[in-house]
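Chain and residue survey
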Amino acid sequence: MSNQVDVLAMAREQLAVAANYLDLDKGLHSVLAQPMRQLIVHFPVVLDNGEVQVFEGYRVQHNSARGPTKGGIRYHPHVDVHETTALAMWMTWKCAVVNIPYGGAKGAVKVDTKQLSRREIEKLTRRYVTEINIVLGERSDIPAPDIGTNAQTMAWIMDTFSMQHGHTVPGCVTGKPIEMGGSQGRVEATGRGVIVAAEEAARFIGMNFNGARVIVQGFGNVGSIAAKIAEENGAIIVGISDAIGGIYNGKGLPVRELVERYSGREGGIRGYKDAQQVSNSELLEMDCDILIPAAISGQITRENADKVKARLVIEGANGPCTLDADRIFADKGVFLVPDILANAGGVIVSYFEWVQDLQNFFWEENEVNGKLTKIMKHSFAAVEASMRTHKTDMRTAALIIGVKRVADATVRRGIFP
Ligand code: NAD
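A brief look at the structure comes next. Along every chain, residues carry numbers that run from 1 in the direction the sequence is written. Predicted model: local features are reported for residues with pLDDT of at least 70 only, side-chain atom pairs are reported and counted for 80 or more only, and whole-chain, interface and lining totals are derived from all residues. Based on all heavy atoms of the structure, the side-chain values leave hydrogens and waters out of the count.

**Points about the packing of helix H1 (residues 7-22) against helix H14 (residues 394-413)**
Filter applied, for reference: Axis lines are fitted to C-alpha atoms, over the contacting stretch for helices. Their N-to-C directions set the angle, which ranges from 0 to 180 degrees. Secondary structure elements follow DSSP: runs of H or I of four or more residues count as helices, runs of E of two or more count as strands, with numbering from the N terminus. Should an angle fall under 35 degrees it is called roughly parallel, over 145 degrees roughly antiparallel, and 65 to 115 degrees roughly perpendicular, with every other angle called oblique. We call two residues in contact whenever any of their non-hydrogen atoms come within 4.5 Å of each other. Residues are grouped as follows: Ala, Val, Leu, Ile, Met, Phe, Trp, Tyr, Cys and Pro are nonpolar; Asp, Glu, Lys and Arg are charged; all remaining types, including Gly, are polar.
Running from N to C, H1 and H14 cross one another at 75°; their axes reach a closest spacing of 9 Å. Overall, the two elements H1 and H14 adopt an arrangement that is roughly perpendicular. Residue-level contacts link Gln-14, Leu-15, Val-17, Ala-18, Tyr-21 and Leu-22 of H1 to Arg-395, Thr-396, Leu-399, Ile-400, Val-403 and Lys-404 of H14. For the contact of H1 with H14, a count of residues per class yields 8 nonpolar, 2 polar and 2 charged.

Pasting the structure below:
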């Protein structure tokens, strides 16, 4: 699902760059380059018309040196085990960069949910979780939402897992609805964190966030919330898109209204008439100050990076820019905040949700948002410092911190037995 970009090769190349800076031991490097566990499952679902369809799913755990593994579950027709492995690896670095006590994992099912009814998606979810149940657990591996899944999916996961264990286990999954152990602020967390990163980056390059013109690619959970919070904080959203296409108006789009009317309705935003209709790829090249790719991976490559007009690129999605794009941005003076920092807000508040579930003690939204903002700012400052120390770009600086923390934990624990 990534424009033919080999994201696992990309993730491994990023690791190699950081390993080089850290002068990482060869054996340790090879441990970190591989996932510790890849589970591939095939499972049947009886469709509403009585036919049986077999689906393929994965759960990949990359590394658990710093704690239980953590990562979203994606429902999309073009997922595969390699992409899922890359996403699990990025989760490991992300949790380490923001210093929360988790390793990285990711799950996926190859499915086009638009072809299924709600009942079929529920059955698919319950059976998929049953198949991967052997590697899940509140102390071992904790899923969360990603592309194509949401709080309702997490509710079915929690219920299925709990039924199989004979008691309610709220901490087995995060991103749940509030009424069954979810956290205040989790739905908005990734988008909110993306905007904290954007504001910090604007400050760093001397750009005024207030009045900055922003384009957001993707209008799902991350993109729509990021656009909404950016507008609340004074930015002007000039372009947005979803899988079907985008809209652009240099004077600004009414984001709140567009979110209320069209969020989650694929193609819906194109119903808004007071804007220029553009293709997804055209939108990335339109005039703006800040570009937030918040859809899928492999969107900005050597083919189009040169045409990006933004001075700031904030990676809301995982892996939206390739390493070639990074190099072109560096040459052009475009400042990029990498995914493993920019979109960490989701896993940070997932961590808060898990802590609240384990303690059966729930926090108010202000407390959640305050703690999230504090961790995002603190992590940004740490990456900024690493960038100065190592005289490198932000992605490499963040990877250096993340990889070092995981490598140090691995060395301290020792290689078993
Ligand atoms: P989502 O399913 O809620 O939304 C995805 C959006 O992307 C939809 O609007 C869809 O129409 C759009 N899209 C799909 N293909 C596109 C294309 N080719 N061009 C433009 N838009 C396209 O998913 P989400 O949870 O918002 O996740 C978006 C990205 O953010 C993913 O890369 C995901 O891994 C990453 N992410 C999500 C979270 C989270 O908490 N949900 C956390 C960290 C990172």
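**Some points on the packing of aromatic side chains**
The test is simple: For this analysis, a ring pair means two rings from Phe, Tyr or Trp (six-membered ring only for Trp) whose centres lie within 6.5 Å, classed as stacked if their planes differ by under 30 degrees, edge-to-face if by over 60, and tilted for the remaining angles. Lysine and arginine charges are scored as sitting over a ring when NZ or CZ, respectively, is within 6 Å of the ring centre and within 35 degrees of the ring normal.
Throughout the structure, instances matching the rule amount to 8 aromatic pairs. Each ring, one from Tyr-351 and one from Phe-352, has its centre 6.1 Å from the other, and the planes form 45°; the classification is tilted. Put simply, the rings of Tyr-102, Tyr-351, Phe-352, Trp-354 and Trp-363 touch in pairs and so form one group of aromatic residues. Its end group placed over the ring of Trp-363, Lys-371 keeps NZ or CZ at 4.7 Å from the ring centre.

**Looking at the environment of Thr-113**
In this structure, Thr-113 sits in the loop between strand E4 (103-110) and helix H4 (118-132). Apart from the residues within four sequence positions on either side, Thr-113 is in contact with Tyr-75 and Ile-121.

**Some details on the sheet that holds E4**
Selection criterion: At least two DSSP bridges between two strands are needed for those strands to be called paired.
Taken in spatial order, the 5 strands make up an open sheet running E1-E2-E4-E3-E5, and their pairing is mixed. Two strands bound the open sheet, and with one partner strand each, they are strand E1 (37-46) and strand E5 (141-145). Each neighbouring strand pair of the sheet contributes to a mean axis angle of 25°, computed without reference to strand direction. In the sheet, strand E3 (residues 69-76) pairs with E5 via 5 bridges, with the strands oriented parallel. Its bridge partner lying in E5, Lys-70 is registered against Ile-142.

**A look at the nonpolar core**
Quick reminder of the rule: For our purposes a nonpolar core is just a set of buried Ala, Val, Leu, Ile, Met, Phe, Trp, Tyr and Cys residues, chained together by side-chain atoms within 4.5 Å. Any residue under 20% of the maximum accessible area for its type is buried, any over 50% is exposed, and the rest in between are partly exposed; the area is computed with a 1.4 Å probe on protein chains only.
Within the largest apolar cluster, 91 residues are counted, with the highest numbers of intra-cluster contacts made by Trp-93, Ile-240, Ile-290, Ile-292, Ile-314 and Val-337. Sequence-distant contacts of Ile-314, that is, excluding residues within four places in its chain, are made with Val-194, Ala-197, Ala-198, Ala-201, Ile-290, Leu-291, Ile-292, Pro-293, Val-337 and Ala-342.

**Things to note about helix H3 (residues 81-97)**
How we decide: A helix is expected to span 1.5 Å for every residue after the first. Distance and chemistry together define a polar contact, namely a pair of N or O atoms within 3.5 Å, with one atom able to donate a hydrogen and the other to accept it when in protein, and with adjacent residues in sequence counting only for side-chain atoms on both sides.
Taking 1.5 Å per residue as the helical rise, H3 with its 17 residues ought to reach 24 Å, and the 24 Å between its terminal C-alpha atoms agrees with that figure. The buried count for H3 comes to 16 of 17 residues, which makes it a mostly enclosed element. Looking at where H3 begins, the residue whose side-chain oxygen comes 2.9 Å from the main-chain nitrogen of His-82 is Asp-80. Backbone geometry just downstream of H3 places Asn-99 in the positive-phi region, at approximately 60°.

**Some words on the site of the ligand**
Formally: Think of it this way: one heavy atom of a residue within 4 Å of a molecule or strand is enough to make that residue near it. Surface accessibility follows the Shrake-Rupley procedure with a 1.4 Å probe radius. Residue values consider only the protein chains on display as shielding.
Around the ligand sit 24 residues, and of these Asp-146, Thr-190, Glu-266, Asn-280 and Asn-318 come closest. Taking Asp-146, its side chain carries an N or O atom lying 2.7 Å from an oxygen atom of the ligand. Separating a nitrogen atom of the ligand from a side-chain N or O atom of Asn-280 is a distance of 2.9 Å. Alone, the ligand offers 830 Å² of accessible surface; in the complex the protein occludes 87% of this. Among the elements of the structure, helix H6 (186-205), helix H7 (221-232) and strand E7 (236-242) are those that each provide at least two residues to the shell around the ligand. Taken together, the residues of the shell around the ligand sort by class into 8 nonpolar, 11 polar and 5 charged.

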